[in-house]
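What the coordinates show
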Amino acid sequence: MADEQQTQTSDKATNAPFFFPENEETGAHMYPIRFLGLAFFITWLCLTHISSIYPANPDWEAERTLFDLGMRIGDVGSLALFAIFAPRLQSFSRHMPMAVTTCALSCMGTLLMALCVFPMHLPPAIIIVLSALTAVGGSVLFCFWAQIYSRMSTTQLLVYSAGCCIGAYVLSFFVGSLRQPVAIFTISLMPLCSLFCAWLSQSALPPEKPAAENVRYPLPKRLIALMTIAALISSISGVQETQGVGGSMFRISATCIVGITLLICTMQKHTIDFRQFARITFPIAVVAVLLIPITVQPFNLVASFLGKLAYVCFTIFALMIMATICHRYEVPSLRPFACARACSEAAILISVLSKNTLHSLQLNTEQAFLYAIATICIVLLALCVLIWRREKAVNEDWGACGISLETGARVIGERARYERRCLELAETYKLTEREAEILALLGQDKTRAEIEAELFLSENTIKTHTRHIYQKTGAHSREEIISLIG
């Protein structure tokens, strides 16, 4: 009976805002470096896979293909190692020399590959190895930024995620307008620029709590499975892409669209259910799959773009869900994020290898084969729906909440318990979602200025919501609100 009540409470919390109990200095100011730094990383990640920009020489397509292959191999391998050694690494902020070294290698590798290795037409094995080493710094940056964003509140997560998506598009447009080799030099500097911003950003956030003793932290396997399938569908939907058209160019454009959507959402008066992004993704993916058998342009390009849009939309949704899980349930963030991206990149790697083979055999233009590809994608989409529906029986932590090694019970952290108490009060006193969010911050004894910065709201808006909270709860002071929450 107690478990049933706990599950019911968890289900009510699924679509609610995420709170945290400590008096943390997480929203004192708007920090542009938080979205600019991640934008540097996304831009570097995308532009190094666009042959018309990096290195902008059609004579090096064979080397470019090997470079893309090596980068993905390096991503998968390094992320797998980070996941294995996550308990020892804990946080990359504690290993800055390693982070600086790997990012410096990524900068040097990005520069030397375009200016020296490609023109010299070195053996394929050497290109793949050098490319894999170049990718390691990117894996470090991904995990570093994942740990930073996992320490933010939900509103901050939305605002900064939108900023980095739009910022990445602007940076890509700027770099694309530069002449060579200036564009290559600019791209090469981005890993270290991103790391510098990450170092500044993490110092202004509360540290991530270390893993609790005698507690096991399961992976959110269903969420990772959905991300992997989404990556596979995205890559398969671009089976008719040609060299230099589609791929990362579509992905960076889709990232901008998702960023603008997030920004519009943050301007709304109500809080946001992240699961809406998954619901939006499904019809986009269906249209992309149905267009795969159509070989006439621009339908094949539309299919590829919609596939990338669905993938970016769902990936950002999944990463935000994972960040809120880590923040709310005090789950160490390195292992789940490293596993999620390793699986996604592995799926893309397998798909890219398959597409290269299909292009060499010219099967990508065979109508019967395209129908078979579309059928496979439909089956994968059906599998996603099945996993999603089964998730209704799982708590809102997607199975990632810590489990005691002694009792086998779920370990509910202080943040989650505090949030549940706030949700119960919100239901009792019929508070709106925004009022419930402000109630939690009032209960932490946050000042009005801190709440304004935390939620990116005006002073008058905060005053209005606070007055409504006092009226509905019958409280007359901040002390009574704190006492009410207990």
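Residues numbered from 1 in each chain as written. Predicted model: local features only at pLDDT ≥ 70, side-chain atom pairs only at ≥ 80, totals over all residues. Heavy atoms only, no water.

1. A few points about the packing of aromatic side chains
- In this structure the tally under the stated criterion is 11 aromatic pairs.
- With a centroid separation of 6.4 Å and an interplanar angle of 55°, the aromatic rings of W60 and F118 are classed as tilted. Taken together, the residues span a long stretch of sequence, with W60 in the loop between helix 2 (32–47) and helix 3 (61–84) and F118 in helix 5 (residues 96–120) at a distance of 58 residues. Across the pair, F118 and W60 agree in class, each one buried.
- When the centroid spacing of 5.8 Å and the interplanar angle of 85° are considered together, the rings of F67 and F118 count as edge-to-face. On the criterion of sequence distance, the pair formed by F67 in helix 3 and F118 in helix 5 is long-range, its members being 51 residues apart. By the burial criterion, F67 is buried, and F118 matches it. (Phe/Tyr/Trp six-rings, centres within 6.5 Å; stacked < 30°, edge-to-face > 60°. Helix = DSSP H or I, 4+ residues; strand = E, 2+ residues; numbered from the N terminus. Buried < 20%, exposed > 50% of the residue type's maximum accessible area, 1.4 Å probe, protein only.)

2. Re the packing of helix 2 against helix 7 (residues 154–176)
- Following both chains from N to C, one finds helix 2 and helix 7 inclined at 45°, their axes separated by 7 Å at the closest point. Taken together, the axes of helix 2 and helix 7 lie oblique to each other. For helix 2 against helix 7, the interelement crossing comes out right-handed. Of the residues in helix 7, those touching helix 2 at R34, F35, L36, L38, A39, F40, I42, T43 and L47 are Q156, Y160, G163, C164, G167, A168, L171, S172 and V175.
- Residues of the contact of helix 2 with helix 7, tallied by class, amount to 12 nonpolar, five polar and one charged. (Axes fitted to C-alpha atoms, helices over the stretch in contact; angles between N-to-C directions. Parallel < 35°, antiparallel > 145°, perpendicular 65-115°, else oblique. Left-handed = near helix turned anticlockwise from the far one by under 90°. Contact = heavy atoms within 4.5 Å. Nonpolar A, V, L, I, M, F, W, Y, C, P; charged D, E, K, R; others polar.)

3. Things to note about the nonpolar core
- F82 and Y149 are the most contacted members of the largest nonpolar core, which totals 121 residues.
- In terms of residues, this core owes the most to one element, helix 12 (residues 299–328), which gives 17 residues.
- Setting aside anything within four residues of it in sequence, one finds F82 in contact with L89, F92, S139, V140, C143, L334 and A338.
- Of all hydrophobic cores here, the second largest spans 18 residues; its members include L431, I438, A475 and I485. (Core = buried A, V, L, I, M, F, W, Y, C linked by side-chain atoms within 4.5 Å.)

4. Some remarks on the pattern of salt bridges
- All chains considered together, the criterion is met by 11 salt bridges.
- Measuring nitrogen to oxygen at the nearest pair gives 3.6 Å for the salt bridge that ties R478 to D445. You can see R478 sitting in helix 19 (residues 478–485) and its partner D445 sitting in the loop between helix 16 (433–443) and helix 17 (448–455), a full 33 residues away along the chain.
- The class of D445 is partly exposed, set by a relative accessible area of 46%.
- The partner of E459 in a salt bridge is K463, with the nearest N and O atoms 3.2 Å apart. Of this pair, E459 and K463 both sit in helix 18 (residues 459–473), separated by four residues, roughly a single helical turn.
- According to the relative accessible area criterion, E459 is partly exposed, its value standing at 39%.
- Each member of the salt-bridge network shares a partner with another, and the members are R72, D75, R341 and E345. (Salt bridge = Lys/Arg side-chain N within 4 Å of Asp/Glu carboxyl O.)

5. Notes on the side chain of T281
- Along the chain, T281 turns up in helix 11 (residues 275–291).
- If near-sequence neighbours (up to four positions away) are discounted, T281 is found in contact with A310, C313 and F314.

6. Thoughts on the confidence of the model for the chain
- Averaged over all residues, the pLDDT of the chain is 83; the fraction at 70 or higher stands at 87%.
- For the chain, per-element mean pLDDT is lowest for helix 1 (residues 2–14), which scores 39, and highest for helix 6 (residues 124–149), which scores 95.
- Ignoring residues within four places in sequence, the model shows residues 1–28, a span with pLDDT below 50, making 74 contacts including any to other chains. (pLDDT = per-residue confidence, 0-100.)

7. Considerations on the environment of A475
- Considering the arrangement of structural elements, one finds A475 in the loop between helix 18 and helix 19.
- Residue classification places A475 among the buried positions, given a relative accessible area of 7%.
- What A475 contacts, discounting residues up to four positions off in sequence, is Y470, E480 and I481.

8. Digging into the environment of N356
- With respect to the helices and strands, N356 occurs in helix 13 (residues 334–361).
- C-alpha of N356 to C-alpha of T65: the two residues are 291 residues apart in sequence and 9.2 Å apart in space.

9. Some remarks on empty space enclosed by the protein
- One pass over the structure, following the stated rule, counts six cavities of 30 Å³ or more.
- Volume-wise, the largest cavity comes out at about 750 Å³.
- If you trace the largest cavity, you find 33 residues lining it, with I42, F142, T315, I316 and L319 closest to the centre.
- Broken down by secondary-structure element, the contributors of at least two residues to the lining of the largest cavity are helix 2, helix 3, helix 6, helix 7, helix 10 (248–266), helix 12 and helix 13.
- Per-element accounting of the lining of the largest cavity gives the leading share, seven residues, to helix 12.
- Taken together, the residues that form the lining of the largest cavity break down as 21 nonpolar, seven polar and five charged. (1 Å grid on protein atoms, 1.4 Å probe; cavity = no way out; pocket = protein on both sides within 12 Å on 5 of 7 lines; lining within 4 Å. Points joined across faces, edges and corners; volume = space filled by probe spheres on them.)

10. Observations regarding helix 5
- Relative to the 36 Å expected for 25 residues at 1.5 Å per residue, helix 5 spans 34 Å between its end C-alpha atoms, a close match to the ideal helical length.
- Along helix 5, the helix axis deviates most sharply at M113, where the bend reaches about 50°.
- Turning to helix 5, its buried residues number three or more, namely M96, A99, T102, C103, S106, C107, G109, T110, M113, A114, V117 and F118.
- At the C-terminal side of helix 5, H121 shows a positive phi close to 50°. (Expected span 1.5 Å × (residues − 1). Bend = angle between axes of the 7 residues up to and from the residue.)

11. What about unusual backbone geometry?
- The omega angle of the peptide bond from Y54 to P55 is 5°, so this bond is cis rather than trans.
- Along the polypeptide, P55 turns up in the loop between helix 2 and helix 3.
- Cis geometry is found at the peptide bond from Q180 to P181, where omega equals 5°.
- In this structure, P181 sits in the loop between helix 7 and helix 8 (182–203).

12. A short note on a nonpolar patch on the surface
- A cluster of nonpolar residues, I126, V129, L130 and L133, forms a patch on the protein surface that exposes about 330 Å² of accessible area.
- Looking at where V129 falls in the secondary structure, it is placed in helix 6. (Patch = residues over 30% accessible without salt bridge, like charges linked within 9 Å, V, L, I, M, F, W, Y side chains within 5 Å. Areas by Shrake-Rupley, 256 points an atom, 1.4 Å probe, with all protein chains shown as cover.)

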